[in-house]
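Architecture and fold: a report
Spelled out, the chains give:
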Amino acid sequence: MFQREGEATNGFHLHVQGWVTSSIVLRNGNRLIQKVHLPGDMLGTPSMVLPEAADTLTAVTEAITAFVPYERFGQLYETHPRLAALFTVATQMERLALMDALAMTGNASARERLARLLVDFHTRLGPIGLVADDGFHLPLTQEIMGDLLGLTAVHVNRTIRALEEEGLLARQGHRFQLRDLAALRRLSSLPPRRPRFEPAWLPAPR
């Protein structure tokens, strides 16, 4: 566990290796997993505006992060403004992803939600070399997937089986192969995003 909700914190994490979940605990004691972080993500940034940690960061697999103290990060705005601006871009991309997830959870069918989740993992794992033949290792329990999708673990299992029977998905243990990526993209009720990682308004490098 890299961070516990409610505890004091003075920095955030750069995710280096492994799979990490972000979760909060509701007043009734239920845990709600909101995000699965992959290498390259920034963890714990919502806590920057709070006196304590906003969420709990828990490793799903063996994981490594690099801790960045707020004070050291704040110096970037003076010494490396372009790098600091890129942080703003990254946090807005995170906000966009959460917006899309919220829209799907409230308005999409289980098949649409699962299709979007699998396509999202495919999109995020590809650039870091963890996709082969449109397949990838997915070390998540169906309970975690259910938390992400707003479904029960039983419903997740049933939906996975349905996509397998339709020939859209093949599964062997924790390896998922997207057999018809185009069809899964069409099944997702949201259009694919095309983010600009370095928009023209960024300040020039010094």
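Look up: the structure comes first, before these words.
Residues numbered from 1 in each chain as written. Predicted model: local features only at pLDDT ≥ 70, side-chain atom pairs only at ≥ 80, totals over all residues. Heavy atoms only, no water.

1. Section: the overall build of the protein chain
Secondary structure assignment for the protein chain yields seven helices and nine strands. Relative to its length of 206 residues, the protein chain is compact, with a C-alpha radius of gyration of 18 Å against a globular reference of 17 Å. The C-alpha extent of the protein chain, read off along each of the three principal axes, is 55 × 45 × 30 Å. Counting across all 206 residues of the protein chain, residues that qualify as buried make up 38%. Sequence separation of at least 24 residues holds for 68% of the intrachain contacts in the protein chain that already meet a minimum separation of 6. A total accessible area of about 11900 Å² is found for the protein chain, and carbon and sulfur atoms account for 53% of it. (Helix = DSSP H or I, 4+ residues; strand = E, 2+ residues; numbered from the N terminus. Rg over C-alpha atoms; globule rule 2.2 N^0.38 Å. Buried < 20%, exposed > 50% of the residue type's maximum accessible area, 1.4 Å probe, protein only. Contact = heavy atoms within 4.5 Å. Areas by Shrake-Rupley, 256 points an atom, 1.4 Å probe, with all protein chains shown as cover.)

2. Observations regarding the sheet that holds strand E3 (residues 31-37)
On the basis of which strands lie adjacent, the open sheet formed by three strands has the order E3-E2-E5 and antiparallel pairing. The open sheet has two edge strands, E3 and strand E5 (56-59), and neither has a second partner. Within this sheet the neighbouring strands show an average axis-to-axis angle of 30°, counted without direction. Relative to E3, strand E2 (residues 20-25) runs antiparallel, the two being bridged by six bridges. The partner of Thr 21 across the bridge, within E3, is Val 36. (Pairing = 2+ DSSP bridges. Axes fitted to C-alpha atoms, helices over the stretch in contact; angles between N-to-C directions.)

3. Overview of the pairing of strand E9 (residues 175-178)
Across the two faces of E9 the burial differs, with Phe 176 and Leu 178 buried and Arg 175 and Gln 177 not buried at all. Sheet topology note: the strand E7 (residues 135-137)/E9 ladder contains three bridges and is antiparallel. Within the sheet, the bridge partner assigned to Gly 135 lies in E9 and is Gln 177. Pairing of strand E8 (residues 169-172) with E9 involves four bridges; the strand directions are antiparallel. Following the sheet pairing, Ala 170 is matched in E9 by Gln 177. In this antiparallel pair of consecutive strands, E8 and E9, the connection spans two residues, and Gly 173 shows a positive phi of 65°.

4. Quick word on the environment of Thr 123
Within the secondary structure layout, Thr 123 lies in helix H4 (residues 110-125). A relative accessible area of 47% means that Thr 123 is categorised as partly exposed. For the pair formed by Thr 123 and Asp 134, sequence separation is 11 residues and the distance between their alpha carbons is 10.0 Å.

5. A short note on the sheet that holds E7
As summarised here, the arrangement of the three strands in space is E7-E9-E8, forming an open sheet in which the pairing is antiparallel. Taken across any chain shown, the strands that pair with only one partner, and hence form the sheet edges, are E7 and E8. On average, each strand axis in the sheet is inclined to that of its neighbour by 20°, with strand direction left out of account. Where helix H6 (residues 153-165) meets the sheet, its contacts fall on E8 and E9, and the angle it forms with E8 comes to roughly 120°.

6. Observations regarding the packing of helix H5 (residues 142-149) against H6
A pair of packed helices can be characterised by two numbers: the angle between their axes and the separation between those axes. Two elements in contact, H5 and H6, have axes whose closest approach is 8 Å; the angle formed by their N-to-C orientations is 95°. In this view, H5 runs roughly perpendicular relative to H6, as classed from their interaxial angle. For the pair formed by H5 and H6, the contact residues are Gln 142, Glu 143, Met 145, Gly 146 and Leu 149 on the first element and Ala 153, Val 156, Asn 157 and Ile 160 on the second. In terms of residue class, the contact of H5 with H6 is built from five nonpolar, three polar and one charged. (Parallel < 35°, antiparallel > 145°, perpendicular 65-115°, else oblique. Nonpolar A, V, L, I, M, F, W, Y, C, P; charged D, E, K, R; others polar.)

7. What about the packing of H4 against H5?
Between H4 and H5, the least distance of the axes is 10 Å, while the angle of their chain directions is 105°. On the basis of the axis angle, H4 is roughly perpendicular to H5. Touching Arg 113, Leu 114 and Leu 117 of H4 are Met 145, Leu 148 and Leu 149, all from H5.

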